[in-house]
Amino acid sequence: MKMNNDPLLSVKDLRTCFRTTNGLARAVDGISFDIPAGKTLALVGESGCGKSVTALSIMRLIQEPAGYIAGDRIIFQGQDLLKLSKRKMREIRGNRISMIFQEPMTSLNPVMTIGEQIMEVIQLHRGLSKKEALGLAVEMLNQVKIPDPAIRISEYPHQLSGGMKQRVMIAIALSCEPDLLIADEPTTSLDVTVQAQILMLMKELQQKEGTAILLITHDIAVVYEVADYITVMYAGRAIEQAKRSRFFRHACHPYTTRLFESLPSMDKRNEQLSTIPGRVPDPTRYPEGCRFADRCHLAFDRCNKEDPKMRFIEKGHSIACHLENAPAISTATATITRKTEGRATYTSSPLVSVKDLKIYYPIRKGLLKSIVGHVKAVDGIDISIGQGETLALVGESGCGKTTMGRGILRLIDITCGTIHFNNIDIMHISGSKLRRLRKDMQIMFQDPYGSLNPRMMVNQIISEGLISQGIGGNKKERDNIVKELMDQVGLDPGMIHRYPHEFSGGQRQRIGIARFLAVKPKFVVCDEVTSALDVSVQAQILNLLKTLQQREDLSYLFITHNLSVVTYIADLVAVMYLGKIVERGTIREVFDTPGHPYTQALLAASPCIGEDGRKKIFLEGEVPSPVNPPEGCHFHPRCPKVMPGCRKVYPGQYSLSETHSTRCWLYE
Amino acid sequence: MRRYIIKRGVLLIPVIMGVVTFVFLLIHLIPGDPVDMMLGETAQQADREMLRTRLGLNDPIHLQYYKFIKGIVRGDLGDSIHYNRPVLEIIIDRFPATLELTLGAIVIAILISIPVGIIAAARQYSIFDNSSMLLALLGISMPNFWLGPLLIIVFSIKLGWLPVSGMGGLTYLILPSVTLGTSMAAILSRMTRSSLLEVIRKDYITTARAKGLSELVIMVKHALTNALLPIVTIIGLQFGALLSGSIITEMIFSWPGIGRLTIQAIITRDYPLVQGCVLFIALCYVMVNLLTDLLYVFIDPRIRLSE
Ligand code: SF4
Ligand code: SF4
C-alpha cells in the first residue's frame, strides 16, 4: 500500500554513465534524495557536477547508446520509473513530470507557433479536441501572465522576448497539471527583474496546483528565495542535504562553506574572496578517497584513503565528510552587513571623462535602405573615472551598457559627444595617435573563448600586444615576458604552447587578463567578464582583477548585471536604463539609499541571502525597445511611483549628495 | 516577406541578362564562321549568303544583340534550320517529356532519400546507417551513362520487366527516372541525415522529448520541418545537375525531350535551335532556384514574418 507520507519522488542511488573516448564517465554516481509532494528541492552545484544529468535521468531522457542509467531506482508515485516501458514512460513525460530548460531562446521549436506547441502536449496527454485544447492553451498563457494570449498564441517564438519564451515553456510544462516540475536553471539566462517575475510565477502556480519542483541551479541566492530542501552536488554525488532553514545557518560541508565564502558582497570589499583551487575531478577517473580532497582546505590523512559516506549530523541534515565537527558557515558571511565605505573620491582630473556621449544606430527600411529612425543605444551620457577607480555600469540587457563600453574605447562609431582620456581628446585625434593610445585602453569580454583566436597558441595571443607595441626585442624575450605574465595571472607558464580550447572558462578569462596586462594599460573595460563563470572561479577572477588594480593603479569600467559583484569590486556605480544613466553614486549611496525607482526595483529583484521579509518590488514587463522609447521618463510604463508629469518630459538630474544623483521627478 | 520576395526577384534580372548575353555570344564564340560550320566548307556562296541574311549575321553586332533580345521578349527565338519551324514551338513540343522525366526523378529521389535520411539519423552509426550511407556514396559516384545501360540490361533485357526505351505509359518512365534520380537520391539522403543530426541536438528537440512525444512524431513533426531548409536548398541546386543529367539519360533511353533535342541540334549544327535549348534550360534552372527561395518563405516563419 502506498502511504500518504511517502515522498512524491524518491531517487535512490542513481548512477548515470556516458561512454567517452577517455573511458566511462560517471556523471552521476550514486545520488539519493526525496521530494515531498508540493515542495521545492534545489539541486545546487557548479557546472559539471551532474545536476542536469540527474534531471534528464529522472525524465529518462539520457541519449542512448552514448549514455545509460546504471542504477538504481527512481520511485515516482510508488512506481520505479527505470522499470517502465518506453511507452509508459512517455505517458508520464510532459504529463505527470514535466521539465523546463535553461535556454528559453532555443527551447522552443522555431517553425511552430507557440499555440501549436502548447496544444500538442495537451492533445497528447489529455485527449482533448483541437478546439478544447486551443481554449486551454489560451487559458495557460493567461495563467503565465502573457498579455493578449489570444493574439500571442498564433505567434512564433522569435517574436517573443526571452522572458516571454520562458513563460511559454512554463505554460507547456504545466498544461497537464504535472505532479513534478523539473526546472533546469530556468532563470539563469534572464535579467534579474525577469528572473524575479519567473520565480514568483513558479511559486504562485506551485501553491495553486500543489506541484512539486526540482530546481536545478548554481545560484545559492535563488535557492534561498524559493527552496524548501537543498541538496548540494559535487562530482556526481550529493555531499550535503538539509532543509532550507538549517542549510542557510548550519551548512558545514567544506565545499558548501567555501561556495558561500566565495560569493562576492559588499562587506568583503576589503578582503580577498575565498576561492576553491583546482578543478572538479574528471568523471572518468574519480579519486579513491573524498572527491573534494585535492581542493579541500580542511583535508587530512583519512580523506585521501577513504570515501566519506553521507551521514546524518542532525535530524534532516546530512553531509559526506569525515570531519567530526565541520565548521558551519558563519551567518555573517551569508548576510550582507552594510558597513564598509566605498571609495568615493573623484580625483581632481579624471583619467577617463565622457561628456554627452551619443551612439545612435540608423534604422534602415525599404529597398533603398533609407533611414527611417534611430536606435538611441547611448543617449547623452556623462561619466568620469579616476585613476585606480572602478566604475560599475549596471542595468538590464538592452539598456545600452555594452555599446557604451565599446563607444568609450572608440571601437564603434560615435554619433556625438566628447571623450577625454588622460586629458587627450580622443574624438579628435588622428588614427595613428589613437592606435598608440589603444595600448592604454583595453577591453575584456564575457566570452573569453569567442575573443581568443582558436588557431593561435597562448604565447602568440598574449604576445600580439607586445609586438604591436614594440615591447620585447625577439621571440625569446617576448616568450619570457609572456611566461611572467602567465605566472602573474595564475596560469602555468608551462602551458605557453597550448591552444585556447585546452583551457577551462576561468583559465581563458585569465588569458584575456594576461593579454591586456601585456601592454600595461591604464584603463580596462570589463564587459560581463565573470557572467559565464562558476562562483568559485568568479571569485578567483575578481581577486585577480582587484590585486592587479592595486598594483598597477588600473581603472576599470565594469559592465555587469550582477549586483553583488558590483558591491564587491566597484567604487562608483552608474545605473543605466534605455540609453541614459538614471542614477549614480558611490556603492554605499546607491545600494543603501537608492533614489531612482528603477534602482530600487533592481535591488529588490536581485535574490539575496539573509534578507527575509524584504519588501519585494516587482517590476512589470521588460525593457521596451530602444527604437521607440516611451515618451517622457523612459521608465514610466513600469514605474510603481509614476506621476502624470512623468509621461511628458524626461526628468533632469537631481543631486542627492555631492556624489549621488538621480534623474527622477520625485526629487524635484 | 514582401521585401524578401521582391529582393529575390530583382536579383534575378542580372542573372537572366547574363544568360541571354551568353547564349547570344555562343554563336560568335565558336571558332570559325558559323555558316561554314552549318553548311560545310563545300556549300555554295549563294546559299551561304542566304543563311547569313536569314540569321542576321550581316548586321553589326549590337543590332544583332538588340534583335535577339527583342525576339526573346516577343517569344520569338528564330526558326530551326533543320526542322524549319519556330524554335519555341519545337521546345514547347518537347518540354512535357523532359518535365515528366525530371519530376519522376525528383519524386523517386525524395521518396527514397527522406525516409532513409530519417532512419539513418534516428539510428546513427547503426548497420542501417552505415550501409545506406555507403550505398549513397556509391550512388553519387555512379555516372548516368553507366547506370542507365546497366538497368536496361538487368530489367529490360534479362528480366524483361520493363521496356528498353522510348516514351509511353508509366512503365516507360521507371528506368529513366531511376537513372536520373539516383545520384540526387544519394545526395539528398546524406543531406537529410546530416541536417537532421544537427537539428536533433537542438534544445527544442529535448523539449519535444520532455513532452512525451514518440520518436517518430519528434523526427517528422519537429526535426524534419526544421531540417527542411538545407534539404530544399539542395533540391534546388541539384535541379541543375538533373537538367544536365537528363541530356545523357534522354539519349540512352531515346526519350523525346529537350535533352535529346539539344544533342540533335548540336549534331545537325542547328544553331538557332541550340541557342533556344540552352536558353530554355538555363531559364528553367534560374526559375527553379527562385522557386526554392520562395519555398523558404513557407518553411521558415522567421523569413515569412520579417519585413
Ligand atoms: S572528507 Fe576530508 S577532503 Fe572531503 S570534504 Fe571532508 S575534510 Fe574535505
Ligand atoms: S520620473 Fe516618474 S516615472 Fe520616471 S522614475 Fe521617476 S517617478 Fe518613475
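Model, not experiment: these values are computed from the prediction. (Residues numbered from 1 in each chain as written. Chains lettered and ligands numbered in written order. Predicted model: local features only at pLDDT ≥ 70, side-chain atom pairs only at ≥ 80, totals over all residues. Heavy atoms only, no water.)

**Some remarks on the overall build of chain B**
Each helix and strand in chain B was counted, giving 13 helices and zero strands. In sequence order, the secondary structure elements of chain B are arranged as α-α-α-α-α-α-α-α-α-α-α-α-α. In terms of overall dimensions, chain B has a C-alpha envelope of 80 × 60 × 30 Å along the principal axes. Looking at the 307 residues of chain B, the share that counts as buried comes to 43%. Contacts spanning at least 24 positions in sequence make up 71% of the contacts within chain B whose residues lie at least 6 apart. If the 25 positive side-chain charges of chain B are averaged to one point and the 20 negative ones to another, these points end up 10 Å apart. (Helix = DSSP H or I, 4+ residues; strand = E, 2+ residues; numbered from the N terminus. Buried < 20%, exposed > 50% of the residue type's maximum accessible area, 1.4 Å probe, protein only. Contact = heavy atoms within 4.5 Å. Lys, Arg positive; Asp, Glu negative; His and termini not counted. Charge placed at Lys NZ, Arg CZ, Asp CG, Glu CD.)

**A word on the overall build of chain A**
A count of helices and strands for chain A gives 23 helices and 24 strands. Taking 668 residues into account, the globule formula puts the C-alpha radius of gyration at 26 Å, and chain A, at 26 Å, falls close to it. Along the first, second and third principal axes, the C-alpha set of chain A runs to 80 × 65 × 50 Å. Across the 668 residues of chain A, 55% fall into the buried class. A separation threshold of at least 6 residues defines the contact pool for chain A, and within that pool the share at least 24 residues apart is 67%. For chain A, the accessible area works out to roughly 28,100 Å², and carbon and sulfur atoms hold 50% of it. Computing the positive centroid from 83 side-chain charges and the negative centroid from 71, chain A places the two 3 Å apart. (Rg over C-alpha atoms; globule rule 2.2 N^0.38 Å. Areas by Shrake-Rupley, 256 points an atom, 1.4 Å probe, with all protein chains shown as cover.)

**A closer look at unusual backbone geometry**
Residue and element names in this part refer to chain A. A positive phi is found at Arg 60, a non-glycine position, where the angle reads about 55°. Inspection of the secondary structure assignment puts Arg 60 in the loop between helix H1 (51–58) and strand E4 (67–76). Here the phi dihedral of Asn 423 falls at roughly 70°; this positive angle occurs in a residue that is not glycine. Tracing the sequence through the fold places Asn 423 in the loop between strand E16 (416–421) and strand E17 (424–425).

**Observations regarding the pattern of salt bridges**
All names here are of chain A. Tallied over the entire structure, the rule returns 34 salt bridges over all chains. Two residues, Lys 145 and Glu 204, come together in a salt bridge whose shortest N-O distance is 2.9 Å. Remark: Glu 204 occurs in helix H8 (residues 192–209) and Lys 145 occurs in the loop between helix H5 (130–143) and helix H6 (149–152); sequence separation between them is 59 residues. Residue Lys 145 is classed as partly exposed on the basis of its relative accessible area, which comes to 43%. (Salt bridge = Lys/Arg side-chain N within 4 Å of Asp/Glu carboxyl O.)

**Examining the interface of chain A and chain B**
In this assembly, 31 residues from chain A lie in contact with 22 residues from chain B. Between chain A and chain B, roughly 2,400 Å² of surface is buried when both sides are summed, and carbon and sulfur atoms account for 60% of that area. Seen at the junction of chain A and chain B, the total is two salt bridges. Among the ionic pairs, Lys211(B) bridges to Glu120(A), the shortest N-O distance being 2.8 Å. At the boundary of chain A and chain B, one finds 11 residue pairs in polar contact (both at pLDDT 80 or more). Counting residues per element, the ones that place at least two in the side of chain A that touches chain B are helix H3 (104–107), helix H4 (114–126) and helix H7 (162–174) of chain A. For the side of chain A that touches chain B, the element with the most residues is H4(A), which contributes five residues. Broken down by class, the residue content of the side of chain A that touches chain B amounts to 15 nonpolar, 10 polar and six charged. (Buried area = accessible area lost by both parts, 1.4 Å probe. Polar contact = N/O pair within 3.5 Å; in protein donor to acceptor, adjacent residues only side chain to side chain. Nonpolar A, V, L, I, M, F, W, Y, C, P; charged D, E, K, R; others polar.)

**Comments concerning the confidence of the model for chain B**
Of the residues in chain B, 96% have a pLDDT of 70 or more, and the chain-wide mean is 85. Taken over the whole predicted complex, pTM reads 0.82, whereas the ipTM for its chain interfaces reads 0.77. (pLDDT = per-residue confidence, 0-100.)

**Quick look at the site of ligand 2**
The immediate surroundings of ligand 2 are formed by His596(A), Pro597(A), Cys633(A), Phe635(A), His636(A), Cys639(A), Lys641(A), Cys646(A), Pro651(A), Cys664(A), Trp665(A) and Leu666(A). Residue composition of the shell around ligand 2, by class: nine nonpolar, two polar and one charged. (Near = heavy atom within 4 Å.)

**Notes on the pairing of strand E18 (residues 441–444) of chain A**
All names here are of chain A. Taking every second residue as pointing to the same face, both faces of E18 are buried, with Met 441 and Ile 443 on one and Gln 442 and Met 444 on the other. Sheet analysis places E18 next to strand E19 (residues 523–527), joined by four bridges and oriented parallel. Looking at E19, one finds that Met 441 is bridged to Phe 523. (Pairing = 2+ DSSP bridges.)

**Topic: the sheet that holds E4(A)**
All names here are of chain A. Here we have four strands laid out as an open sheet, ordered E2-E1-E4-E5, and antiparallel in their pairing. Only two strands of the sheet have a single partner each, and these edge strands are strand E2 (23–35) and strand E5 (79–80). By the bridge criterion, eight bridges tie strand E1 (residues 9–20) to E4 in an arrangement that is antiparallel. What sits directly across from Phe 18, in E4, is Gly 67. Across the sheet, H1 touches E1, E2 and E4, and the angle it forms with E1 is around 110°. (Axes fitted to C-alpha atoms, helices over the stretch in contact; angles between N-to-C directions.)

**Here's the deal with the packing of aromatic side chains**
Geometrically, a pair of aromatic rings is defined through the distance of the ring centres and the angle of the planes. All names here are of chain A. Within the structure shown, the criterion is met by 16 aromatic pairs over all chains. Here the aromatic cluster, defined as three or more aromatic residues joined through ring pairs, consists of Tyr 224, Phe 247, Phe 248 and Phe 260. When the ring centre of Tyr 224 is taken as origin, the NZ or CZ atom of Arg 244, which lies over that ring, is 4.4 Å away. Against the face of Tyr 286 rests Arg 291, its NZ or CZ located 3.8 Å from the ring centre. (Phe/Tyr/Trp six-rings, centres within 6.5 Å; stacked < 30°, edge-to-face > 60°. Lys NZ or Arg CZ within 6 Å of the ring centre and 35° of its normal.)

**Describing a nonpolar patch on the surface**
All names here are of chain B. Taken together, Phe 145, Trp 146, Leu 150, Ile 153, Val 154, Ile 157, Leu 159, Trp 161, Val 164 and Ile 248 make up a surface patch of nonpolar side chains, about 990 Å² in accessible area. Here the nonpolar patch gets six residues from one element, more than from any other, and that element is helix H7 (residues 144–158). Relative to the helices and strands, Leu 159 is located in the loop between H7 and helix H8 (170–199). (Patch = residues over 30% accessible without salt bridge, like charges linked within 9 Å, V, L, I, M, F, W, Y side chains within 5 Å.)

**Considering the nonpolar core**
All names here are of chain A. Ranked by internal contacts, the top residues of the largest apolar core, which has 73 residues, are Phe 33, Ile 58, Leu 180 and Ile 182. Ranked by the residues each element gives to this core, the list is headed by H7, at eight residues. Leaving out residues up to four positions away in the same chain, Ile 182 has contacts with Ala 55, Ile 58, Met 59, Ile 97, Ser 98, Met 99, Ile 100, Leu 214 and Ile 216. Residues Val 394, Ile 513, Val 565 and Cys 646 belong to the second largest nonpolar core, which totals 63 residues. (Core = buried A, V, L, I, M, F, W, Y, C linked by side-chain atoms within 4.5 Å.)

**Remarks on the sheet that holds strand E15 (residues 390–394) of chain A**
Strand pairing in a sheet takes place through backbone hydrogen bonds and is either antiparallel or parallel in direction. Residues and elements named next belong to chain A. Reading across the sheet, the eight strands line up as E18-E19-E20-E15-E21-E22-E24-E23 and stay open at both edges, with mixed pairing between neighbours. Only two strands of the sheet have a single neighbouring strand rather than two, namely E18 and strand E23 (654–655). Across the sheet, helix H19 (residues 505–517) touches E18 and E19, and the angle it forms with E18 is around 175°. On the sheet, helix H20 (residues 535–552) packs against E15 and strand E20 (555–559) and is oriented at approximately 155° with respect to E20.

**Let's talk about the domain arrangement of chain A**
Per the domain assignment, the segments making up chain A are domain 1 (7–96 + 176–334) and domain 2 (428–521). Between the C-alpha centres of domain 1 of chain A and domain 2 of chain A there is a distance of 37 Å. (Domains from an automatic or database assignment.)

**Considerations on the packing of helix H5 (residues 87–122) of chain B against helix H6 (residues 127–141) of chain B**
Residue and element names in this part refer to chain B. Packing of H5 against H6 leaves a shortest axis separation of 8 Å and a crossing angle of 135°. When the axes of H5 and H6 are compared, the pair comes out oblique. The interaxial crossing formed by H5 with H6 has left-handed handedness. Of the residues in H6, those in contact with Val 116, Ile 119 and Ala 120 of H5 are Phe 128, Asp 129, Ser 132 and Met 133. Classifying every residue of the contact of H5 with H6 by side-chain character gives five nonpolar, one polar and one charged. (Parallel < 35°, antiparallel > 145°, perpendicular 65-115°, else oblique. Left-handed = near helix turned anticlockwise from the far one by under 90°.)

**A word on the confidence of the model for chain A**
On average, residues of chain A score 86 in pLDDT, and 94% of them reach the 70 mark or higher. With pLDDT under 50 throughout, residues 331–344 of chain A is counted as low confidence; its partners more than four residues away or in other chains account for 35 contacts.

**Some words on the environment of Thr187(A)**
Residue and element names in this part refer to chain A. For Thr 187, the position within the fold is in the loop between strand E7 (180–184) and H8. If sequence neighbours within four positions are ignored, Thr 187 has contacts with Gln 195, Ile 198 and Leu 199. Of the polar contacts made by the side chain of Thr 187, one reaches the side chain of Gln 195; its length is 2.9 Å.

**A word on the pairing of strand E8 (residues 212–217) of chain A**
All names here are of chain A. Across the six residues that make up E8, a large majority, six, are buried. Residue alternation in E8 divides its side chains into two sets, Ala 212, Leu 214 and Ile 216 and Ile 213, Leu 215 and Thr 217, and both sets are buried. Bridge analysis of strand E3 (residues 40–44) against E8 gives five bridges, and the strand direction is parallel. Within E8, the residue paired with Ala 42 across the bridge is Leu 215. Note that E7 and E8 share five bridges and pair parallel.

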